[in-house]
Structure formats: C-alpha cells, structure tokens
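Architecture at a glance
One letter stands for each residue in the lines below.
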Amino acid sequence: MGLLDGKVAIVTGSGGGIGRAHAMLLASEGAKVLINDLGGTRDGAGNDASAANQVAEEIKKAGGQAAPNYASVATAEGAAAIVKGAVDAFGKVDILVNNAGILRDKSFLKMDEAMFDTVIAVHLKGTYLCSQAFAKQVVTQGGGGRIVNTTSVSGMLGNFGQANYSAAKAGIYGLTRTTSIELQKHRITVNAIAPIAKTRMTEDLPMFQGIDTLTPAHIAPAALFLASDLCGDRTGHILAVAGARLYAFKVIETPGKFKDADKGVWTAKEIAENWEAINKA
C-alpha cells in the first residue's frame, strides 16, 4: 500500500528538477499525477512539450499513472486548464504541489519592470491562481485536499540579486498562511516547503559549485509528507529542506517594550534609545 493510493496529484513545473522528483515520488506512492510543465527556459521563455511528456512516460514505464499538461500557471485560463486536465484524466483532484518557477536575477538598481512582473506572475500569481482553481474543484467534490506551496530561503531571509524572486517567495509565505486559515473549513491543508537544491535553475550559482549533497531527491520526501495523511491536520507550516537538514521557518514577535502610560506616546528619539530592548527576541 502506498501513502497516496487512490489520490490524484497535480505537480506544476514537474518536467525537471525538484518538480520531477516530487512527481516521481508521489507516483511511486500510488498517486495518479498530472505532469504540468510549459517547457520554457530557466527565465521563462519559450515552450516545449517534451519535458512533461518525458516525465509522464517515465512514470508509466515504472507502473504508475500520469498525464502531461502544458498550460501556464501564470494565467487564470492556464490554471483552470491544469485542474481540468487532472479531472479529465483521472476524475478528481486531491493534491496540488505548486512548484513552477523561473529566475530572472539582477541587482535591484539594474532590474527592470518586466523582470519583476514576470517572476511575480509565475511564482506568486501562479500559486494563487492554481490554488484557487484547485480549491474550488475540491469544494465541489465535497472537500478534503492538500496544497503544498514552494517558498524559498530567499523569500524568508532575502538574497542579493533576487528582489523579484524574494518578493514573490515572501508573498507565497503570506498566501500560505492566509489560505491555510480560510480553507480549513473545507478540510484543505495548505503548507509550504522552502527547498535548497542544485537544479537547472541553480546549478551555476556560486553556492552550488562542487556540491552534490543538495539534490531534488532530498526535497521530494518533504512534499510527500505534506501531501499525505501523515501530515494530519497540520496547516500553515513552512518546512525547509537543505540536503539532510530539515527545519522550520517561523515569523516571530519580540516581547517588545511598553512605555509607561502616563508618559505619552513614543518619540522617535525614545525609539532609538530603546531599540535594543524593543528588538530583543
């Protein structure tokens, strides 16, 4: 018995890298998987059906069930086509893994509007559109499903040259938190992973040179956990994966410092004088 027997999963951006690892593992655990991939380059240009086709065929040859899909996550029409593709192929949807992404890195002062907008459209807007289309379908089915989003360490902590990507991934954190609250009544859990892995997207970055221990295979089990009943009713969590290390990201609130009520409102000078106490965790 597999962890996902009888389940139907959509994995966006699953024609290679982390998405392919997700799809292969979910299929090996019994899920019927829609392999969505536009087949574009790392910066989102062009399209090529062969990426999705190849992964779908790999799953079938291994004894699983899969169907390819080439729609863009960045439009409402594309998101609807992705969900419809899964329903048409397998009769329902149970799991959505929002993994599709592109990179258009550039230092902040050199970044143009198109670089910013395109990355936001694929990562943040794509996650919103696909999640909404998926959740609406799940509700019509009677409720009960799992969404696994993909944020990033860059979104949580920031990273030089990735203002667009960091903004998108930080937005996905906020989207994950809010949708996890709103969709609880429909028994839909919403969690996210923050992966660090060497893929086509990242292989030329300095931090990955000579590194062979940060692979997509390390990331996929986290997605499987969050997509399976092992996750239980856990929702709104960010699970980070870097090779053999698993950890969680959380936004914390410091205890802060109260000003005596009889001394009026804080002044800017007083904030400066008390900064260490205000900022101390």
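Look up a bit, the structure's there.
Notes on the structure follow. (Residues numbered from 1 in each chain as written. Predicted model: local features only at pLDDT ≥ 70, side-chain atom pairs only at ≥ 80, totals over all residues. Heavy atoms only, no water.)

1. Structural notes on empty space enclosed by the protein
- For the structure shown, the criterion picks out one cavity of 30 Å³ or more.
- Roughly 30 Å³ of volume is contained in the largest cavity.
- Tallied by class, residues from the lining of the largest cavity come to four nonpolar, five polar and no charged. (1 Å grid on protein atoms, 1.4 Å probe; cavity = no way out; pocket = protein on both sides within 12 Å on 5 of 7 lines; lining within 4 Å. Points joined across faces, edges and corners; volume = space filled by probe spheres on them. Nonpolar A, V, L, I, M, F, W, Y, C, P; charged D, E, K, R; others polar.)

2. A word on the layout of surface pockets
- Here the second largest pocket defines a volume of roughly 230 Å³.
- If you trace the second largest pocket, you find 14 residues lining it, with Gly236, His237, Ile238, Ala248 and Lys250 closest to the centre.
- Of the residues in the lining of the second largest pocket, the class split is eight nonpolar, three polar and three charged.

3. Comments concerning the packing of helix H1 (residues 17-28) against helix H2 (residues 50-61)
- Interaxial distance between H1 and H2 falls to 10 Å at its minimum, and their mutual angle equals 25 degrees. Put simply, H1 runs roughly parallel to H2. Between H1 and H2 lies a crossing whose hand is right-handed. Two secondary-structure elements touch here, H1 through Arg20, Ala23, Met24 and Ala27 and H2 through Val55, Glu58 and Ile59. (Axes fitted to C-alpha atoms, helices over the stretch in contact; angles between N-to-C directions. Helix = DSSP H or I, 4+ residues; strand = E, 2+ residues; numbered from the N terminus. Parallel < 35°, antiparallel > 145°, perpendicular 65-115°, else oblique. Left-handed = near helix turned anticlockwise from the far one by under 90°. Contact = heavy atoms within 4.5 Å.)

4. A short note on the pairing of strand E8 (residues 245-249)
- As defined by bridge partners, strand E7 (residues 238-242) adjoins E8 across five bridges and the pair is classed as antiparallel. In the sheet register, Ala240 faces E8, and the bridge partner there is Tyr247.
- The antiparallel hairpin formed by E7 and E8 contains two residues in its connecting segment, where Gly243 sits at a positive phi of about 60 degrees. (Pairing = 2+ DSSP bridges.)

5. Observations concerning the packing of aromatic side chains
- For the structure on display, the rule yields one aromatic pair.
- Look at Tyr247 and Phe249: their rings are 5.6 Å apart centre to centre, the planes differ by 65 degrees, and that puts the pair in the edge-to-face class. Comparing Tyr247 with Phe249, the two get one shared label, buried.
- Geometry around Tyr247 places Arg245 over its ring, the cationic atom sitting 3.8 Å from the centre. (Phe/Tyr/Trp six-rings, centres within 6.5 Å; stacked < 30°, edge-to-face > 60°. Buried < 20%, exposed > 50% of the residue type's maximum accessible area, 1.4 Å probe, protein only. Lys NZ or Arg CZ within 6 Å of the ring centre and 35° of its normal.)

6. Regarding unusual backbone geometry
- Positive phi, normally seen in glycine, also occurs at Arg187, with a value near 60 degrees.
- Turning to its location among the elements, Arg187 is positioned in the loop between helix H6 (163-182) and strand E6 (188-196).
- Residue Arg187 is classed as exposed on the basis of its relative accessible area of 54%.

Just distances and angles here, no functional claims.
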